[in-house]
Amino acid sequence: MSVRQLWEGTDAAPWMQNLNGRTKLIVLFLFAILTITIDNPRSLFVLFSITLLLHLAAKTSIYKWKVLAILLLLGLWGSMFSQALFFAQSTRTPLFVLIEPNAGFLGTLTGGLYVYREGILYGAVQGLRSASMMSLGLLVCWTSDPRQLLQALIAWRLSPQIAFMLVTAIRFLPVLAAETGEVITALQLRSDSHSGRTAVIRHLPYIAKPLLARCLRRAQTLALSVVSRGFFLANANKQAVVWDWREKLCCISLSVLVAVIVSSKISYLLSEQGFYFGVLRQAYDWTKLYL
Amino acid sequence: MNKLKGWLALVILAVSWCALYWITGSRTPWNQFNTGSNEQGVSAYLGDIPVINYDRMGFTKAVVRYIKAENGWLVGTERGELFLFNNEGRVLWKRSLGIGKLISVCISNDTKTAYIGEASPEGNLYAINVKSGDIIWQHKASDFVGTEASLRSHPSIVHIAVDKEDNVFANCYRFKMTKDGTRSYSAKMLAIEKSGKLLWEYPAHETIDCWINWCDVNDNNGKVVISTSAYDYRPDMKYRDTLYFLDKKTGTKVNSVWVPPVPPFENTVVRSSPNYSKDGRFLAASCSDGRGMLFDSVGNLLWTRFVSVPANVDNTWINASGRDGFVTDYGVTFTTINTFNRENWQLPTPLEHPSNNSIFLFGLDGEFKYQFKAEGTMEELAFADNLVACAVGRNVRTHNYAAHGMLLIDLKDGKEKLFHHTEGPCQAIDISADGSKVAAVEAPVLTPQGKILGAYRLHIWDTGLGGKGND
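If you're wondering where the values come from, they're calculated on a predicted model, not measured in any experiment.

1. Some points on the overall build of chain A
When its secondary structure is counted, chain A shows 13 helices and two strands. Counting only residues that meet the buried cut, chain A has 26% of its 291 residues in that class. Sequence separation of 24 or more characterises 73% of the internal contacts of chain A that already satisfy a separation of 6 or more.

Right, dumping it as structure tokens:
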């Protein structure tokens, strides 16, 4: 699979590809609200697992799974390790001592380095938030034709210019990846050294200029193409795409669910500030246990 | 090799998923090694509070009461938060009552309403629906004794008692110290109906110029008793008597009793007593100077016993202040706290007073039965038939941190039934009516060595002594 193919939504299950762009964007937006609202580690874990299940259902290719795995692992374990070491809130319980406070120069400099129990959980919560959104974002990216998203944005009466620029940004991801791959290949071939010739890191400092030049050329071509086709004319994008009622129903249900969760969370937070109502006790219980 | 690397990433993702399932659940790796959880009962964290020096006089407070109607525990904290926990330590509800510290509590006879007193700029007295956590009514102590925020003179509801009709009797006071060091006191006794309507206030048109820390009410004799406990004793003070007896229906004074002080003290201070017997015939009072007294219902002294005699050692007066006084089915109980230097609370003492940190039992005729000595201050007592649960707190003389915990004593013979150690000192305690469960609040402390001991948390223990098991 080429670098460009990696970032394009071409090989997903048909049902996922055929979903309306509006459905995908609404689900993505509501999911983002949920991951911000929920603090309970187990509930966030469930949300994260749902995104992985959606990838399975969408038949994400093995190659893409591998890329997804690397990105998720870096985010998750990076967050957990950093919080485990530098967790600053109280209460914190040291599980292991990495550097004793009186262990020579390093000990004096750092004041001791510990792995904190609460930090691991806190890092897991933050990591799960970003991992869930990354996983779902990649799912939308890998299963959507940019035109789908463009039509969805225009259907919501977003200015065609802004909608086009938003979608172009997504469209440019695979293009940018492919261009980068080509530049690196060219640099590798031109390298006069045989040792470490294929190493990517060696060539990274030199890819900015050729990549920028290529992007500018492509942007100019794109601008000419858009103007010549009359893309922004009033009637150019009137082809309405039917939004299936089942998808609408799903979006409404999910919106109601998210509204209930957010209201419950707000009422619980208010109760902690003194705005407590006994009739909402069940809601407070539910929020404390699951949100 | 590259293929293997790709698959390795997938395998690590799968392992990470399993690890996250473990970490985000209750079966976390660190809990697997937490031994003795059954023996130690359950504990629940009550939030962050400032950690106070071990030797400081004013210390962290909390209130806890068993709620029979909900089979749970009502806990009020210094953070102004009120919790209802079940026996497994799960929060059934939690609410904030504002910025005040919750320092006093009393439960209605049907255990469906809790009366909570706070120390705050307003000094509110709340009636709370125990099932839902709703506020039924509230009164501000500042309306009765005033408030002066500029001098940090805030009113408090320091003690609450209820009668059989669930009328509420509450002590409210305010203490003021001006820049030149002079002290002044404003206090009042309030009686409030179950519905929240004010029945009477004592005195009706002025405030008491002394601290009133305690009160008790009895339906059989129809009286409310108040004790006074000022630091100093001045000739210009109007309310100089030790005990005031009021008619519980009208709030008019029936009698007052002045208890003469004993050297080296200048006045008699009764701070955490007196309490009536169930039938209202007797009244037990414990004085700070170390005396335990039994009165009849209108304040006639029946007998006095020194549970801790002030002693002069190396030109230093030391004593173990008396605190609690209760009349139980098994006798009259008094307690003493740490040993203190008469000159200054925080000055060292040459030795520990032999009667400090103890619980004493006397017969109704004044006959001494036994003394049980703990290693730290008995901060609060809670009774369930023949069992008495004691919150054992600090010992500022010996710094014996192993003393902290919950102590269960059999009142019949003064023998220890159970002890559960807590890392920090135990500050509040209650026991279920059948004696099967005990809950206590532990507070964090900063030792002179700079180490923090314990945390602000609730402990619930199963005593295994419920019902007939008491015998």
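2. Focus on the overall build of chain B
In terms of helices and strands, chain B carries three helices and 36 strands. Computed over its C-alpha atoms, the radius of gyration of chain B comes to 24 Å, within 12% of the 23 Å expected for a compact globule of 471 residues. Across the 471 residues of chain B, 48% fall into the buried class. Expressed as a percentage of contacts within chain B between residues at least 6 apart in sequence, the contacts between residues at least 24 apart total 52%.

3. Quick word on the sheet that holds strand E1 (residues 42–45) of chain B
All names here are of chain B. An order of E1-E36-E33-E32 is seen for the four strands of this open sheet, with the pairing classed as antiparallel. Every interior strand has two partners, whereas the edge strands, E1 and strand E32 (426–431), have only one. Within this sheet the neighbouring strands show an average axis-to-axis angle of 20 degrees, counted without direction.

4. Points about the confidence of the model for chain B
Residue and element names in this part refer to chain B. The predicted model of chain B averages 87 in pLDDT, with 95% of residues at 70 or higher. Averaged pLDDT values for the elements of chain B fall to 48 in helix H2 (residues 29–32) and rise to 95 in strand E3 (residues 63–67). Low confidence marks residues 31–38, where pLDDT is under 50. Its contacts with residues over four positions away, or in another chain, come to one contact. For this predicted complex, the interface confidence reaches an ipTM of 0.71, while the overall pTM sits at 0.73.

5. Some details on the interface of chain A and chain B
Contacts between chain A and chain B engage 27 residues on the former and 24 residues on the latter. Mapped onto the side of chain A that touches chain B, the elements with two or more residues apiece are helix H4 (41–57), helix H5 (62–86), helix H7 (117–143), helix H12 (245–272) and helix H13 (281–290) of chain A. For the side of chain A that touches chain B, the element with the highest residue contribution is H5(A), accounting for seven residues. Residues that form the side of chain A that touches chain B fall into these classes: 15 nonpolar, six polar and six charged.

6. Describing the pairing of strand E30 (residues 405–410) of chain B
Residues and elements named next belong to chain B. In terms of burial, E30 is a largely internal element, five of the six residues being buried. By the bridge criterion, six bridges tie strand E29 (residues 387–392) to E30 in an arrangement that is antiparallel. Counted as the bridge partner of Val 392 is Gly 405 from E30. Across six bridges, the pairing between E30 and strand E31 (residues 415–421) is antiparallel. Residue pairing across strands places Leu 407 opposite Phe 419, the latter belonging to E31.

7. Digging into the sheet that holds strand E35 (residues 452–453) of chain B
Residues and elements named next belong to chain B. As summarised here, the arrangement of the three strands in space is E2-E34-E35, forming an open sheet in which the pairing is mixed. Edge positions in the sheet fall to strand E2 (52–53) and E35, since each of these pairs with one other strand and no more. Examined bridge by bridge, strand E34 (residues 445–446) and E35 share two bridges and lie antiparallel to one another. Of the residues in E35, the one forming a bridge with Val 445 is Leu 453.

8. Some thoughts on the nonpolar core
Val64(B), Cys390(B) and Ile429(B) are the most contacted members of the largest nonpolar core, which has 123 residues in total. Among all residues touching Val64(B), those that are not within four sequence positions of it are Trp73(B), Val75(B), Ala428(B), Ile429(B), Asp430(B), Ala439(B), Ala440(B), Val441(B) and Leu458(B). Core analysis: the next-biggest nonpolar cluster, separate from the first, contains 36 residues, Ile38(A), Ala69(A), Val140(A) and Ile23(B) among them.

9. Some details on the environment of Pro348(B)
Positionally, Pro348(B) belongs in the loop between strand E25 (331–341) and strand E26 (358–362). For the pair Pro348(B) and Asp385(B), spaced 37 residues apart in the sequence, the C-alpha separation amounts to 39 Å.

10. Considering the packing of helix H8 (residues 146–155) of chain A against helix H9 (residues 160–190) of chain A
Residues and elements named next belong to chain A. Running from N to C, H8 and H9 point in directions that differ by 155 degrees, and their axes come no closer than 9 Å. Judged by the inter-axis angle, H8 sits roughly antiparallel to H9. The handedness of the crossing between H8 and H9 is right-handed. Contacts from Pro 146, Leu 149, Leu 150, Leu 153 and Ile 154 in H8 reach Pro 160, Ala 163, Phe 164, Leu 166, Val 167, Ile 170 and Arg 171 in H9. Its residues assigned to classes, the contact of H8 with H9 comprises eleven nonpolar, no polar and one charged.

11. Examining unusual backbone geometry
Residue and element names in this part refer to chain B. Cis geometry is adopted by the peptide bond preceding Pro 203, which originates at Tyr 202 and carries an omega value of -5 degrees. Residue placement: Pro 203 occurs in the loop between strand E14 (198–202) and strand E15 (214–218). A cis amide bond links Ser 273 to the next residue, Pro 274, at an omega of 15 degrees. Relative to the elements of secondary structure, Pro 274 occurs in the loop between strand E18 (253–257) and strand E19 (275–276). A positive phi angle is found at Asp 314, which is not glycine, with a value near 50 degrees.

12. Structural notes on the packing of H5(A) against H7(A)
All names here are of chain A. Contact geometry for H5 and H7: axes closest at 7 Å, N-to-C directions at 160 degrees. As judged from the angle between their axes, H5 and H7 are roughly antiparallel. Helix-helix and strand crossings are classified by hand; for H5 and H7 the assignment is right-handed. Residue classes in the contact of H5 with H7 are distributed as 13 nonpolar, ten polar and one charged.

13. Some details on the environment of Ala114(B)
Residues and elements named next belong to chain B. For Ala 114, the location among the structural elements is in strand E8 (residues 113–119). When the C-alpha atoms of Ala 114 and Ile 67 are compared, they prove to be 9.1 Å apart, with 47 residues separating the residues in sequence. Contacts of Ala 114, omitting those with residues within four sequence positions, involve Leu 74, Val 105, Ile 107, Ile 128 and Val 130.

14. Concerning the pairing of strand E17 (residues 243–247) of chain B
Walk down a regular strand and you will see the side chains alternate between the two sheet faces. All names here are of chain B. Along E17, four of the five residues are buried, which leaves the element largely enclosed by surrounding structure. Note that strand E16 (residues 223–227) and E17 share five bridges and pair antiparallel. By the bridge assignment, Ser 227 is partnered in E17 with Leu 243. Relative to E18, E17 is paired through four bridges, and the arrangement is antiparallel. Bridge assignment links Phe 245 to a residue of E18, and that residue is Asn 255. Taking the residues that link successive antiparallel strands as the turn, the E17-E18 hairpin has five residues, and the phi of Gly 251 there is positive, at about 80 degrees.

Reading the values: the criteria
Residues numbered from 1 in each chain as written. Chains lettered and ligands numbered in written order. Predicted model: local features only at pLDDT ≥ 70, side-chain atom pairs only at ≥ 80, totals over all residues. Helix = DSSP H or I, 4+ residues; strand = E, 2+ residues; numbered from the N terminus. Buried ≥ 20, exposed ≤ 12 C-beta atoms within 10 Å, placed from the backbone. Contact = placed C-beta atoms within 7 Å. Rg over C-alpha atoms; globule rule 2.2 N^0.38 Å. Pairing = 2+ DSSP bridges. Axes fitted to C-alpha atoms, helices over the stretch in contact; angles between N-to-C directions. pLDDT = per-residue confidence, 0-100. Nonpolar A, V, L, I, M, F, W, Y, C, P; charged D, E, K, R; others polar. Core = buried A, V, L, I, M, F, W, Y, C linked by C-beta atoms within 7 Å. Parallel < 35°, antiparallel > 145°, perpendicular 65-115°, else oblique. Left-handed = near helix turned anticlockwise from the far one by under 90°.

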